[in-house]
Amino acid sequence: MQFALDDELLALQETARRFAEEEVIPIAADHDQSGEFPRAVIEKAWELGLVSTCVPSELGGVGLSIEASCVATTEVARGCAGIATSVMCNDLGLTPILVGGSEDQQKQWLAPCADEFKLVSFCLSEPGAGSDVAGLQMLAEKDGDDYLLTGTKAWITNGGVADFFTVFATLDRSSRHKGVCAFVVARDTPGIELGKKEDKLGQRASDTRSIHFDGVRVPASQRLGEEGQGFGIAMKTLDRTRPMIGALAVGIASRALEECIAYARERRAFGSAIGEFQAIQFMLADMAKDIEASRLLTMQSACMIDQGMRASKYSSMAKCFATDAAMKATVDAVQIFGGNGYTKEYPVEKLMRDAKLMQIYEGTNQIQRMVIGRELLAG
Ligand code: CAA
């Protein structure tokens, strides 16, 4: 077991940290307020090799390991979780092609993301099927060598700005997970209509919306894997990306801790700095120990995946533990800041709003507990 980052990871961490300090933190509050998508900043992240990190080096990409992506994600999330979500979402959208696509499909869809700045969305959730993936309703009807996709996808990150989507649809709703297929669909394919952008509580810089597919014609060459393999492709994708949500959570919680330490040193009450009081120290100590535990669990799951081990249970543990810890840390941060913490003058209320989404997306934390529980019982 290694606890220190090697030189390459340290350099990546430094790049991502500088990007967060110089490009993300200065604009985070404005984009939180306006909800405007910070395209230029995300493009800058791409130029630095922080977007589409999963594209293998043989295809011209940066080909980061999951561990390395987690290191970078934590730093960007320290700056703004909404921007970090928009950045990491490309890997979520591209991973189905990595785990389920043929060599030709990988060349066609992954390689261009290394050459040009492109945005990608993962279209799995639906208005009536968020947690229950096997219950998705979007139909893929066969029409000669093509499929016609009809249905609505919901809460799609980068939905309004993506150049292409990985989309999950069923050949037959009654066959549950066995009927699901995965497709790659370009944004400009006729029949795609964007829904209204969601007005969210937190992570407001990320573009989240519904997408309607009305008989969208997709050739069989854009189907990933065989018919019926879509559910497995979605699950394998989430196994690989949930550690990154753990990493995002570590970034948010670390920022909350930093802000609280600075405030506890300065803010005075009863004749001394509030950091002198155990009531505050205990909250800081809980934050610090939970951040370290979250980081370790996140890195363990990431390294297991990088080593080719099956890591569903650990990915779910990392996602669930780290995001619950970030929620607690940010609620406590607002408490430490008191009345100030509840205003937009200080950064901690945003951290709290941003943290909440992480307990919901990429599978609610109740779903993570289901995955962990089932794996425990399966032995
Ligand atoms: N890897 C490979 N195969 C897997 C797997 C995995 N991790 N998990 C399950 N499977 C296989 C099972 O072995 C089973 O295979 P067989 O057909 O051979 O039996 C099959 O898939 C069905 O599995 P289950 O019986 O476990 O399926 P289920 O219907 O009970 O559901 C679930 C499982 C874990 C609840 C799943 O539906 C799930 O993960 N739900 C949450 C969805 C989610 O995370 N959505 C997030 C959307 S993306 C987002 O939020 C991101 C964003 O925009 C930022």
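Note: the structure precedes this text.
What you are looking at is a predicted structure, and each value in this text was computed from that prediction instead of being measured.

Can you lay out the overall build of the protein chain for me, pointing to particular residues and giving the numbers?
What the protein chain contains, in helices and strands, is 11 helices and 10 strands. In terms of overall dimensions, the protein chain is globule-like: its C-alpha atoms have a radius of gyration of 21 Å, near the 21 Å expected for 379 residues. For the C-alpha atoms alone, the extent of the protein chain along its principal axes is close to 80 × 45 × 40 Å. Going through the 379 residues of the protein chain one by one, you find that 55% of them count as buried. Put simply, of all contacts in the protein chain between residues at least 6 apart along the chain, 75% involve residues at least 24 apart. Element-wise, carbon and sulfur atoms account for 52% of the exposed surface of the protein chain, whose accessible area totals about 16,500 Å².

Go over the pattern of salt bridges, please, and point to the residues and values.
Note on pairing: side chains with opposite charge can pair once their charged atoms come close. Overall, the coordinates contain 26 salt bridges when judged by the stated rule. Between Glu 21 and Arg 78 there is a salt bridge, and its shortest N-O distance comes to 2.9 Å. Pair noted here: Glu 21 is in helix H1 (residues 7-34) and Arg 78 is in helix H3 (residues 66-79), with a separation of 57 residues, a long-range link. The exposure class of Glu 21 is partly exposed, given its relative accessible area of 39%. Residue Lys 44 pairs with Glu 23 through a salt bridge whose shortest N-O separation is 3.2 Å. Here Lys 44 is found in helix H2 (residues 39-47), whereas its partner Glu 23 is found in helix H1, with 21 residues between them in sequence. Taking relative accessible area as the criterion, Lys 44 reaches 29% and is therefore assigned partly exposed. Sharing partners across several salt bridges, the network here consists of Asp 286, Lys 289, Asp 290, Lys 328 and Asp 332.

Outline the site of the ligand, supporting the account with residue identities and numerical values.
Lining the immediate surroundings of the ligand are 26 residues, of which Ser 131, Thr 157, His 177, Arg 242 and Arg 374 lie closest. Within the side chain of Arg 242, an N or O atom sits 2.8 Å from an oxygen atom of the ligand. Within the contact set of the ligand, an oxygen atom lies 2.9 Å away from a backbone nitrogen or oxygen of Gly 363. Contact with the protein chains removes 72% of the 1,100 Å² of surface that the ligand exposes when unbound. When contributions to the shell around the ligand are tallied by element, the ones reaching two or more residues are strand E3 (146-157), helix H7 (230-266) and helix H11 (365-378). Per element, the largest residue contribution to the shell around the ligand is 6 residues, and it comes from H7.

Outline the packing of H7 against helix H9 (residues 312-341), listing residues and values.
How two helices pack is summed up by the angle between their axes together with the distance between the axes. At a minimum axis separation of 8 Å, H7 and H9 run at an interaxial angle of 20 degrees. One way to sum up the angle between H7 and H9 is to call them roughly parallel. In the packing of H7 onto H9, the handedness of the crossing is left-handed.

Reading the values: the criteria
- Counting restarts for each chain, with residues numbered from 1 along the sequence as it is written.
- Where local features are concerned, this predicted model is filtered to residues with pLDDT of at least 70; where side-chain atom pairs are given and counted, the filter is 80 or more; whole-chain, interface and lining totals use all residues.
- Water and hydrogen atoms were dropped before computing side-chain values, which therefore reflect all heavy atoms in the structure.
- Helix numbering and strand numbering both begin at the N terminus, where a helix is a DSSP run of H or I of at least 4 residues and a strand a DSSP run of E of at least 2.
- Two things to know: the radius of gyration comes from C-alpha atoms, and the globule rule equals 2.2 Å times the number of residues to the power 0.38.
- Whether a residue is buried, partly exposed or exposed follows from its accessible area with a 1.4 Å probe, protein chains only, as a fraction of its type maximum: under 20%, in between, or over 50%, in that order.
- Contacts are residue-level and defined by heavy atoms, with any inter-residue pair within 4.5 Å sufficient.
- Only the protein chains shown count as cover for residues, and all accessible areas are computed by the Shrake-Rupley method using a 1.4 Å probe.
- Salt bridge, as used here: a side-chain nitrogen of Lys or Arg that lies within 4 Å of a carboxyl oxygen of Asp or Glu.
- Residues are classed as near a molecule or strand on a simple rule: at least one heavy atom within 4 Å of it.
- Residues adjacent in sequence count toward polar contacts only when both atoms are side-chain atoms; beyond that, a polar contact is any pair of N or O atoms within 3.5 Å, and within protein one must be able to donate a hydrogen and the other to accept it.
- Here, axes are lines fitted to C-alpha atoms. For helices the fit covers the stretch in contact, and angles between N-to-C directions go from 0 to 180 degrees.
- Any angle that is under 35 degrees is reported as roughly parallel, and any over 145 degrees as roughly antiparallel; angles of 65 to 115 degrees are reported as roughly perpendicular and all others as oblique.
- By definition, any crossing whose near helix is turned counterclockwise from its far helix by less than a right angle is left-handed, and any crossing with a clockwise turn is right-handed.

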